[in-house]
Amino acid sequence: MNELAIALFGVLAVFVILQTLYVLAFVSSMNLPNSKIIEDELLPKAAVILSLRGADPFLTNCVQALLHQNYPQYNLHIVVDSQQDPAWNIVNKTIQQARAIHVQVNPLIARHNTCSLKGSALVQAIEALDDSYQVVAFIDADVIAHPNWLRELVTPLMDEEIGATTGNRWYMPQTRQWGSLVRYLWNTVAVIFMCIHQAPWGGSMAMRLSVLRQSGLLEIWKQSVSVDVPIYKALQAMGLNVKFVPTVMMPNREECNLARCLRFITRQLLVTRLYNPQWPLVVAQVFASTSAVLLTIALLLIALISGNMGTAISITGGFVCYILAMAVQLVLVEQVVQRVIRARGESTTRFSALMMVKILVTIPLTQLVYAVTVVSAILIQKVEWRGISYQIKGPWNIRLIEYQPYQLSSQSVGNNVSL
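All of these numbers come straight from a predicted model, not from anything done at the bench. (Residues numbered from 1 in each chain as written. Predicted model: local features only at pLDDT ≥ 70, side-chain atom pairs only at ≥ 80, totals over all residues. Heavy atoms only, no water.)

Participant: Could you give an account of the state of the cysteines, with specific residues and numbers?
Facilitator: Disulfide: a covalent bond connecting the sulfur atoms of a pair of cysteines. Taken as a whole and judged by the stated rule, the model has zero disulfides. The cysteine Cys256 is free of any disulfide, with Cys261 supplying the nearest cysteine sulfur at 4.9 Å. On the basis of relative accessibility, which here comes to 2%, the residue Cys256 falls in the buried class. Overall, the relative accessible area of 0% leaves Cys261 in the buried class. (Disulfide = S-S within 2.5 Å. Buried < 20%, exposed > 50% of the residue type's maximum accessible area, 1.4 Å probe, protein only.)

Shown next as C-alpha cells:
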C-alpha cells in the first residue's frame, strides 16, 4: 500500500510541477509591458459586433459601455436573435437613452442550420460591413467593456504579423454557490491553458477585416458550432499569430448553480474536442490527475478501515499538500488578474476566510467535475444552448435541430444568474 501511495503522489507531484510551469508562464504574460500609444488619427475604423440571444443579467451595462468607448472611429453592430427576444427592447431602450447614433441593431435574418446561431449572427454582421472598416472586434454580453477596451485590442493589430488579439473571461463569484466556485476554478485552468497555447476567446477579441475575409473563417463559421476555436488554425495557415492582451481580461460577475455549471463546462469541452488539436493533451492530463486523486482517497479509506493509522496520516498529509499547492497557484494567478482589473478602476472580489475554506474543498470537486464533463464531451452527440439543440455528427457536420425564438418565460429576470 505504501508503494502505491508513493507512486500516486509522484503522479500528483508531476501534475503540480507542470501546472506550476503553466502558471508562471501565464503570470509572466500578464506582466508584459503595455502596447505603445497610437494617435487617434492613426487608429483604423472599427466595427464592434455583439450577438444576442436572451437578455444577459448585465446587458444594459454591456451596451452602455460599448457606446462609450475611447476610440475615434467605430460603430457598434448588434444582432439580436429575433424581435421577440427579451434583449430587443432592452437594447433599443438603452440606445435611445444614450441618444447614440453610432450603432445599428438588426434581427438575425440569415440563419444557417449548419452552425451555431452566434456563428450565423457574426457572419451576417460581417458580410454587411463596407470596405471603410479595417478592424472587427467581438464581445460577449456577459462582460462589460472598460473605456479603453477597443483601443487596447486594436493597437497590437498594427503589427502585420498579428492576426488576432484576445483577452479572456475571468469569473468573480460573489456568493458561495458550489456551481459558481467550480466554474471559477475550472475557468482559471482553462484561461491559463488558452493563453499558453494562443487560443483566442471570442468574447473579447479583434481581427483585421482583411485577414478575417482572406482566412476563410466566414465559411468555416457557417459549418461550425464554435466561433473562436477554429481561428488559431486558420491564422496559422496564413503565418499569423494570436496575441494575448492582458488588459482586456474581462470580469464576469454572474452566478450559476452546479447543474448549469456542468452544462457550461461540457459545452466548452465539446468545442475543444471538435476543433482543438490539444484535446488529447487535455484528456491525458485530466484523467491522469483525477485517477491519482481518486485512488489516493480510496487508499486513505482502506488504511482507515484496516486501522493502519500511520499510512492514513501519511496519505492525508500528502493529499493536503497537493490541495495547498494548487491553492497557492490559484492565489498567485488571482492576484495578478485582480491587479490588472483594479488598474482600470474596477472593483474586485475579496475572498473571506470562509470562502477560502470552501475553495479548498472545491479544488478536488472541480477535478472530479472536470473528468466527468470530459467523458460527457466525448460521448454526447447533441448539445443545448439557450433553448436551441444542435446535433453534432462531426466538427463540420452540425445541424440546428429546431429553431424557436428565445421566450421571456425562459429568461431569468432581476438577478445575476447566467443564462
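Participant: Mind laying out unusual backbone geometry, listing which residues take part and the relevant values?
Facilitator: Phi angles above zero are rare outside glycine, and Arg99 is one such case at about 55°. Within the element layout of this structure, Arg99 appears in the loop between helix H3 (86-98) and strand S3 (103-107). (Helix = DSSP H or I, 4+ residues; strand = E, 2+ residues; numbered from the N terminus.)

Participant: Tell me about the sheet that holds strand S10 (residues 397-400), and name the residues and values.
Facilitator: The three strands lie next to each other as S8-S9-S10, forming an open sheet whose pairing is antiparallel. In this open sheet, the two strands that pair with only one neighbour each are strand S8 (382-385) and S10. Strand-to-strand, the axes of this sheet are offset by a mean angle of 25°, without reference to chain direction. Where strand S9 (residues 388-394) and S10 come together, four bridges link them in antiparallel fashion. Bridge pairing links Gly394 to Asn397 in S10. On the sheet, helix H10 (residues 258-275) packs against S8, S9 and S10 and is oriented at approximately 130° with respect to S8. (Pairing = 2+ DSSP bridges. Axes fitted to C-alpha atoms, helices over the stretch in contact; angles between N-to-C directions. Contact = heavy atoms within 4.5 Å.)

Participant: Describe a nonpolar patch on the surface, and please don't skip the residues or the numbers.
Facilitator: Among the surface-exposed residues, Leu294, Ile297, Leu301, Leu304, Ile305, Met309, Ile313, Leu368 and Val372 lie close enough to one another that they form a single nonpolar patch of about 860 Å² accessible area. Within the residue set of the nonpolar patch, elements represented by two or more residues are helix H11 (279-305), helix H12 (309-343) and helix H13 (353-379). One can find Met309 in helix H12. (Patch = residues over 30% accessible without salt bridge, like charges linked within 9 Å, V, L, I, M, F, W, Y side chains within 5 Å. Areas by Shrake-Rupley, 256 points an atom, 1.4 Å probe, with all protein chains shown as cover. Salt bridge = Lys/Arg side-chain N within 4 Å of Asp/Glu carboxyl O.)

Participant: Break down the side chain of Ser51 for me, with residues and values.
Facilitator: With respect to the secondary-structure elements, Ser51 resides in strand S1 (residues 46-52). In this structure, Ser51 is in contact with Val79, Lys118, Ala121 and Leu122, ignoring residues within four places of it in sequence.

Participant: For the environment of Asn415, give the residues involved together with the corresponding values.
Facilitator: On the secondary structure map, Asn415 appears in the segment after S10. Under the relative-accessibility criterion, Asn415 is labelled partly exposed at 35%. Separated by 358 residues in the primary sequence, Asn415 and Pro57 have C-alpha atoms spaced 6.5 Å apart.

Participant: Could you give me a rundown of helix H4 (residues 117-127), with the residues and numbers involved?
Facilitator: Among the 11 residues that make up H4, nine are buried, leaving the element largely enclosed by the rest of the structure. Of the residues making up H4, those classed as buried are Leu117, Gly119, Ser120, Ala121, Leu122, Val123, Gln124, Ala125 and Ile126.

Participant: How would you summarise the packing of H11 against H13 if you had to cite specific residues and measurements?
Facilitator: Two numbers describe how H11 lies on H13: the axes approach to 9 Å, and their chain directions differ by 135°. Here H11 is positioned oblique relative to H13, judged by the angle of their axes. When you trace H11 past H13, the crossing you get is left-handed. Counted together, Trp279, Val282, Val283, Val286, Phe287, Ser289, Thr290, Val293 and Leu294 of H11 and Gln367, Leu368, Tyr370, Ala371, Val374, Val375, Ala377 and Ile378 of H13 form the full contact between these two elements. In the contact of H11 with H13, the residues fall into 14 nonpolar, three polar and no charged. (Parallel < 35°, antiparallel > 145°, perpendicular 65-115°, else oblique. Left-handed = near helix turned anticlockwise from the far one by under 90°. Nonpolar A, V, L, I, M, F, W, Y, C, P; charged D, E, K, R; others polar.)

Participant: Kindly report on the nonpolar core, identifying the contributing residues and their values.
Facilitator: By size, the foremost hydrophobic cluster in this structure holds 97 residues, and its most contacted members are Phe26, Phe138, Leu212, Trp221, Tyr322 and Val337. By residue number, the principal contributor to this core is H12, which donates 12 residues. Not counting residues up to four positions away in its chain, the partners in contact with Leu212 are Ile126, Val136, Phe138, Met207, Leu217 and Trp221. Counting residues in each nonpolar core, the second largest holds 43 residues, with Tyr74, Val135, Ala137 and Val248 among its members. (Core = buried A, V, L, I, M, F, W, Y, C linked by side-chain atoms within 4.5 Å.)

Participant: Would you mind going over the confidence of the model for the protein chain in detail, with residue names and values included?
Facilitator: With 97% of its residues at a pLDDT of 70 or more, the protein chain has an overall mean of 91. Long-range and interchain partners of residues 410-414, a stretch whose pLDDT sits below 50, account for seven contacts in this model, where long-range means more than four residues apart. (pLDDT = per-residue confidence, 0-100.)

Participant: Kindly report on the pairing of S10, identifying the contributing residues and their values.
Facilitator: Residues of S10 alternate between two faces, with Ile398 and Leu400 buried on one and Asn397 and Arg399 left unburied on the opposite face. Hairpin geometry of S9 and S10 is characterised by an intervening segment of two residues between the two adjacent antiparallel strands.

Participant: Talk me through the sheet that holds strand S2 (residues 74-80); I want residue IDs and the actual numbers.
Facilitator: Ordered by their spatial adjacency, seven strands build an open sheet running S3-S2-S1-S4-S6-S5-S7, and the pairing between neighbours is mixed. Edge positions in the sheet fall to S3 and strand S7 (241-252), since each has one partner strand and no second. Geometrically, the sheet is characterised by an average inter-axis angle of 20° between neighbouring strands, direction not taken into account. The strands touched by H3 within the sheet are S1, S2 and S3, with S3 carrying the most contacts at an inclination of about 165°.

Participant: So what about the pattern of salt bridges? Which residues, and what values?
Facilitator: Counted under the stated rule, the structure contains 10 salt bridges. Here Arg386 and Asp56 are joined by a salt bridge, their closest N and O atoms 2.8 Å apart. Pair noted here: Arg386 is in the loop between S8 and S9 and Asp56 is in the loop between S1 and helix H2 (59-67), with a separation of 330 residues, a long-range link. Residues Arg386 and Asp56 agree in their burial class; the two are buried. Between Glu219 and Lys222 there is a salt bridge; the shortest N-O distance is 3.2 Å. In this structure Glu219 comes out as partly exposed when scored by relative accessible area, which is 45%.

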